[in-house]
Amino acid sequence: MEEQRHRIVIIGGGFGGLAAAIGLKKANADITLIDRKNYHLFQPLLYQVATGSLSAGDIASPLRAVLYKQKNTRVLLAEVVDFDTDKKRVILEDGVVPYDTLIVSAGSSHHYFGHDEWETIAPGLKTVEDATDIRKRIFYAFETAERETDPERIQALLTFIIIGGGPTGVELAGAVAEIARDTLKNEFRRIDPSKARIFLVEGLDRILNTYDDSLSQKARESLEKLGVTVITGSMVTDINDCEITLGKGDRKETILCETVLWARLLLETDKAGRIRVNEYLKIENYDDIFVIGDMAIALDKNGEPLPGIAAVARQQGAYLAKLISARIKNKQYRPFRYRNYGIMATIGRSAAVADFHWIKLSGWLGWVSWLFIHLMYIVEFENRVLVLVQWAWNYFTRARSNRLILGRRIAKNIKSGLPEKQPHHSESVRDEIFR
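Residues numbered from 1 in each chain as written. Predicted model: local features only at pLDDT ≥ 70, side-chain atom pairs only at ≥ 80, totals over all residues. Heavy atoms only, no water.

Visitor: What is the right way to read the overall build of the protein from this model?
Guide: Each helix and strand counted, the protein has 11 helices and 22 strands in total. For a compact globule of 435 residues, the expected C-alpha radius of gyration is about 22 Å, and the protein comes in at 23 Å, within 12% of that figure. With the C-alpha coordinates of the protein rotated into their principal frame, the extents come out at 80 × 50 × 45 Å. Burial analysis of the protein (435 residues in total) assigns 53% to the buried set. Of all intrachain contacts in the protein linking residues separated by at least 6 positions in sequence, the fraction that spans at least 24 positions is 64%. About 21400 Å² of surface is accessible on the protein, with carbon and sulfur atoms providing 51% of the total. Here the protein contributes 59 positive and 56 negative side-chain charges, whose respective centroids are spaced 5 Å apart. (Helix = DSSP H or I, 4+ residues; strand = E, 2+ residues; numbered from the N terminus. Rg over C-alpha atoms; globule rule 2.2 N^0.38 Å. Buried < 20%, exposed > 50% of the residue type's maximum accessible area, 1.4 Å probe, protein only. Contact = heavy atoms within 4.5 Å. Areas by Shrake-Rupley, 256 points an atom, 1.4 Å probe, with all protein chains shown as cover. Lys, Arg positive; Asp, Glu negative; His and termini not counted. Charge placed at Lys NZ, Arg CZ, Asp CG, Glu CD.)

Okay, here's the thing in structure tokens:
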């Protein structure tokens, strides 16, 4: 009787899970990749779907198409609901899948620091559904303002607040500013989209806090040139459908707005439901279960948690493929070490910041580097071509062709009027509140 081959089950087809599956293509094992979606999503470009530069299909690749040549790998579209670690089974909504080795790379959800009620008002950006919802909110705000007659409500509709000054927040703020200043120019008759106010709010003392001070300052200057008001050292204390309250020390101030976007990084990792792993990316007391990606708390060489970014997940997945292949052959393998090759963020048309350790770039050179590296990491060649063509078109025309407002009207943040007795705020809200 032929001996049963080693069974590897991977939960999640994101950067980590897909890298592990691809790395195991020559392994003497049967691999099952399970995901609730049938596609791999290039999340770093989700904000471009949310702001109309790209379509969802440009940055998503069907998992079966990516892995169809790997004869030792099968893909299951299914929802994982539990694990039976005693019998070594993954429990699905409609079945079970046995494993010898389990890799969990299911990602994490947004964390609102104890205010889960904010999620419906201030959506985050993790999925295609999130991106299309945010796109709807952004463009619907302009459409509603065109029909409004109350000046105070028009100003609220044309006020966009992005919470979180990391790369996603910076990229979203720059894109929304370009929509208001360039994309929608001359398209409306009663409102002037360029009068829109875009606020980027960060609780720390500067945006892009993990970047070099000089790049952080250049990013801030680039945003301000686009008309973005950057507020640092301020925390969100309350959000509702019509306003947001910011606090700095013992001072609080309210800004009337109807579009709030959540781009804050996970800071309190344990409360976000992440799982601590050791230097081999295993969880305690289980020799056959590994957790990677932004679902895991893995430490760097200095004992600090690794960031939940694509580069970390991709390296972890590739590492596990080598580790598990060695284990199948009864060989030892070294602990995981993350190699930080650099970080980057785009700020708008022809502007980005990039820190590659040996060189720091900003402006146009940073932007070209950002374009090239993101193109290289998109999984399928066809998608790279589509994205490149779309970027070129957007660059020369300043257009955003994917501006369709899909789905039903947003009842929860489109109001017939603002609450009574609201305080009045001038154009330079930041200067009045936090000078």
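Visitor: Would you mind going over the sheet that holds strand 16 (residues 259-262) with me for this structure?
Guide: In any sheet, the strands associate via hydrogen bonds between backbone groups, in a parallel or an antiparallel arrangement. Strand order in the open sheet made by the four strands is 12-11-10-16, with parallel pairing throughout. Strands with a single pairing partner mark the edges of an open sheet, and in this sheet they are strand 12 (228-232) and strand 16. Direction aside, neighbouring strands of the sheet carry axes that sit 20° apart on average. As judged from the five bridges shared by strand 10 (residues 159-163) and strand 11 (residues 197-202), these two strands associate in the parallel manner. If you follow F160 over to strand 11, its bridge partner there is I198. Each of strand 10 and strand 16 is contacted by helix 4 (residues 128-147), which is oriented at about 160° to strand 16, the strand it contacts most. (Pairing = 2+ DSSP bridges. Axes fitted to C-alpha atoms, helices over the stretch in contact; angles between N-to-C directions.)

Visitor: Help me understand the environment of G293 in this model?
Guide: With respect to the helices and strands, the residue G293 is situated in the loop between strand 18 (289-291) and strand 19 (296-297). Among the residues examined, G293 registers a relative accessible area of 10% and is labelled buried. Expressed as a C-alpha distance, the spacing of G293 and F15, which sit 278 residues apart in the sequence, is 7.7 Å. What G293 contacts, discounting residues up to four positions off in sequence, is R274, A313 and Q316.

Visitor: What exactly am I supposed to notice about the state of the cysteines here?
Guide: Defined simply, a disulfide is a covalent bond joining two cysteines at their sulfur atoms. Per the stated rule, a full pass over the model turns up zero disulfides. Free cysteine C242: the closest other cysteine sulfur is in C257, separated by 8.5 Å. With relative accessibility at 7%, the residue C242 sits in the buried group. (Disulfide = S-S within 2.5 Å.)

Visitor: Could you clarify how one ought to interpret a nonpolar patch on the surface in this entry?
Guide: Taken together, the side chains of W364, L365 and V368 define a hydrophobic patch exposed on the protein surface, amounting to about 300 Å² of accessible area. Here W364 is to be found in helix 9 (residues 363-377). (Patch = residues over 30% accessible without salt bridge, like charges linked within 9 Å, V, L, I, M, F, W, Y side chains within 5 Å. Salt bridge = Lys/Arg side-chain N within 4 Å of Asp/Glu carboxyl O.)

Visitor: Honestly, the packing of helix 4 against helix 6 (residues 167-183) in this entry has me stumped. Any pointers?
Guide: Helix-helix packing is characterised by the crossing angle of the two axes and by the distance between the axes. Helix 6 packs onto helix 4 with a crossing angle of 30° between their chain directions and a minimal axis gap of 12 Å. On the basis of the axis angle, helix 4 is roughly parallel to helix 6. Where helix 4 crosses over helix 6, the two elements pack in a sense that is right-handed. Between helix 4 and helix 6, the contacting residues are I138, F139 and F142 on the first element and V176, I179 and A180 on the second. Each residue belonging to the contact of helix 4 with helix 6 can be placed in one class, and the counts come to six nonpolar, no polar and no charged. (Parallel < 35°, antiparallel > 145°, perpendicular 65-115°, else oblique. Left-handed = near helix turned anticlockwise from the far one by under 90°. Nonpolar A, V, L, I, M, F, W, Y, C, P; charged D, E, K, R; others polar.)

Visitor: Looking at this structure, I do not really get the pattern of salt bridges. What am I missing?
Guide: Think of it this way: side chains of opposite charge can pair up when their charged atoms draw near. Counted according to the given criterion, the structure contains 16 salt bridges. Between R89 and D84 there is a salt bridge, with the nearest N and O atoms lying 3.2 Å from each other. Several salt bridges share partner residues, and in doing so they unite E148, R153 and E258 into one network.

Visitor: So what exactly am I meant to see when it comes to the nonpolar core here?
Guide: Proteins that are soluble and globular tend to have nonpolar side chains buried together. By size, the foremost hydrophobic cluster in this structure holds 69 residues, and its most contacted members are F142, I198 and L223. In this view, L223 contacts V170, A173, G174, L200, I207, V228, V230 and I347; residues no more than four positions away in its chain are not counted. Judged by nonpolar contacts, the second largest core, of 44 residues, contains L67, V90, I103 and L281. (Core = buried A, V, L, I, M, F, W, Y, C linked by side-chain atoms within 4.5 Å.)

Visitor: What's the story with helix 9 in this structure? I'm lost.
Guide: Because the α-helix completes a turn every 3.6 residues, residues three or four places apart line up on one side. Helix length check: helix 9 (15 residues) gives 22 Å between terminal C-alpha atoms against 21 Å at 1.5 Å per residue, within 8%. Of the surrounding secondary structure, the elements contacted by the buried residues of helix 9 are helix 2 (46-50), helix 6, strand 20 (343-348), strand 21 (351-355), strand 22 (360-362) and helix 10 (381-397). (Expected span 1.5 Å × (residues − 1).)

Visitor: What is the right way to look at the confidence of the model for the protein in this model?
Guide: Parts of the prediction with low pLDDT should not have their coordinates interpreted in detail. Per-residue pLDDT for the protein has a mean of 88; in total, 91% of the residues score no lower than 70. Confidence drops under a pLDDT of 50 for residues 267-271, and excluding neighbours within four residues, the segment shows eight contacts in the predicted structure. (pLDDT = per-residue confidence, 0-100.)

Visitor: Teacher, can you tell me more about the sheet that holds strand 8 (residues 95-98) here?
Guide: Across the sheet, which stays open at both edges, the three strands sit in the order 6-7-8 with antiparallel pairing between neighbours. Two strands lie at the open edges of the sheet, namely strand 6 (80-84) and strand 8, each paired on one side alone. Each strand axis lies, on average, 25° off the axis of its neighbour in the sheet, ignoring direction. Here strand 7 (residues 89-92) runs beside strand 8; their pairing, made up of four bridges, is antiparallel.

Visitor: Whenever I open this one, helix 10 confuses me. Can you help?
Guide: Look at helix 10: 24 Å from first C-alpha to last across 17 residues, which is about the 24 Å you get at 1.5 Å a residue. Those residues of helix 10 that sit buried are N383, V387, Q390, W391 and N394. Projected down its long axis, helix 10 carries its buried residues within an arc of 105°, all on one side. Turned more than 90 degrees away from the buried face of helix 10, the exposed residues are F381, E382, V389, W393 and F396. Buried-residue contacts for helix 10 involve helix 2, strand 4 (60-62) and helix 9. (Arc of directions from axis to C-beta.)

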